[in-house]
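Each chain, written out:
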Amino acid sequence: MITQGKLGKLKMIRADFGSLKDPDPANRFFSKELGGGALLDIGTYALSFVQYFLSRPATELNYVISKFQTGGDETWSIHVKNDEDEIGNVHLTFRAKLPKQGIIAGEKGYITVDNYPRANTAILVYPNGEKETIVAGKTEQAMVYEIQGVEKAIASQNYALGSIETPLTSSR
């Protein structure tokens, strides 16, 4: 839909992910030694969402971070921009509940993907308020798609985002 121009020129991609974790310093989510931190845990999903929809790689990066008492990262606001003037925003936190929501916005409309790490539907909204539902994949297969993506990237030695072919349907 994006390559067909349904959204027009892309302007902004946003991904939010908040997971309220128990603030126990021994919890692996906050332990640097155990590979914890919001960026490595939930940030991979949000950053992958933004990166996937940007038409070109980011050339600018800015961020604000808040750390937990252990020194592990607990909250991020990350902003990227590419040479096409597309802006990506990512908001992550282990200390507040946020919706897992991604938005791809262009000059002719926007797509909202709720629960994007496991979504199988999205809503395309046009400026006049008309909506179109997009259906792809199966929520219960989400981890399988992740594994297939990793296998494909390793096999092709392309360690950037792999894509999984899924049949798409849409309805108004």
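Computed from a predicted structure; not experimentally measured. (Residues numbered from 1 in each chain as written. Predicted model: local features only at pLDDT ≥ 70, side-chain atom pairs only at ≥ 80, totals over all residues. Heavy atoms only, no water.)

What's the story with the overall build of the protein in this structure? I'm lost.
From N to C terminus, the protein includes three helices and nine strands. Mapped from its N terminus to its C terminus, the protein presents α and β elements in the order β-α-α-β-β-β-β-β-β-β-α-β. What you see for the protein is a C-alpha radius of gyration of 17 Å, in line with the 16 Å of a compact globule of 172 residues. If one aligns the C-alpha atoms of the protein with their principal axes, the spans along those axes are about 50 × 30 × 30 Å. (Helix = DSSP H or I, 4+ residues; strand = E, 2+ residues; numbered from the N terminus. Rg over C-alpha atoms; globule rule 2.2 N^0.38 Å.)

Quick question: what am I supposed to make of the confidence of the model for the protein here?
Interpretation of the predicted coordinates at a detailed level should be avoided for regions scoring low in pLDDT. Averaged over every residue, the pLDDT of the protein is 88; residues scoring 70 or more account for 91%. For the protein, per-element mean pLDDT is lowest for strand β9 (residues 168-171), which scores 38, and highest for strand β4 (residues 87-93), which scores 98. This stretch, residues 161-172, has a pLDDT under 50; its non-local contacts, to residues over four places away or in other chains, come to 29 contacts. (pLDDT = per-residue confidence, 0-100. Contact = heavy atoms within 4.5 Å.)

What is the right way to look at the nonpolar core in this model?
General note: in soluble globular proteins, nonpolar side chains tend to be found buried as a group. Ranked by size, the top nonpolar core spans 28 residues in total, and within it F49, V50, L92, I104, I111, V113 and Y116 carry the most contacts. Of all elements in the fold, only β1 (10-18), α2 (43-53), β3 (73-82), β4, β6 (109-114) and β7 (121-125) reach the threshold of two or more residues within this core. For this core, the element with the highest residue contribution is β1, accounting for four residues. Once you skip the residues sitting within four places of it in the chain, L92 turns out to touch F17, A38, L39, I42, G43, A46, E74, T75 and W76. (Core = buried A, V, L, I, M, F, W, Y, C linked by side-chain atoms within 4.5 Å. Buried < 20%, exposed > 50% of the residue type's maximum accessible area, 1.4 Å probe, protein only.)

Looking at this model, I keep getting lost on the packing of aromatic side chains. Mind explaining?
One pass over the structure, following the stated rule, counts nine aromatic pairs. Look at F30 and F94: their rings are 5.9 Å apart centre to centre, the planes differ by 85°, and that puts the pair in the edge-to-face class. Pair noted here: F30 is in the loop between β1 and α1 (38-41) and F94 is in the loop between β4 and β5 (98-106), with a separation of 64 residues, a long-range link. What makes F94 buried here is its relative accessible area of 0%. Site record: aromatic cluster; members linked through ring pairs are F17, Y45, F49, Y52, F53 and Y116. (Phe/Tyr/Trp six-rings, centres within 6.5 Å; stacked < 30°, edge-to-face > 60°.)

It is not clear to me how unusual backbone geometry should be interpreted in this structure. Could you clarify?
Most peptide bonds adopt trans geometry, and most residues besides glycine take a negative phi value. One non-glycine residue with positive phi stands out, namely D85, at about 65°. Structurally, D85 is set in the loop between β3 and β4. On the accessibility criterion, D85 (44% relative accessible area) is partly exposed. Unlike most non-glycine residues, N115 shows phi in positive territory, near 55°. Within the fold, N115 resides in the loop between β6 and β7.

What am I meant to see in α2 here?
Residues separated by three or four positions in an α-helix point in the same direction, a consequence of the helix having 3.6 residues per turn. Restricting attention to buried positions, one finds in α2 the residues G43, A46, F49 and V50. For α2, the angular spread of the buried residues around the axis is 135°, confining them to a single face. On the buried face of α2, the contacting elements are β1, α1, β3, β4, β5 and β6. (Arc of directions from axis to C-beta.)

Got a minute to help me understand the side chain of T112 in this structure?
By the element assignment, T112 lies in strand β6. Under the relative-accessibility criterion, T112 is labelled buried at 15%. Apart from the residues lying within four places of it in its own chain, the contact partners of T112 are Q101, G102, I103, A122 and I123.

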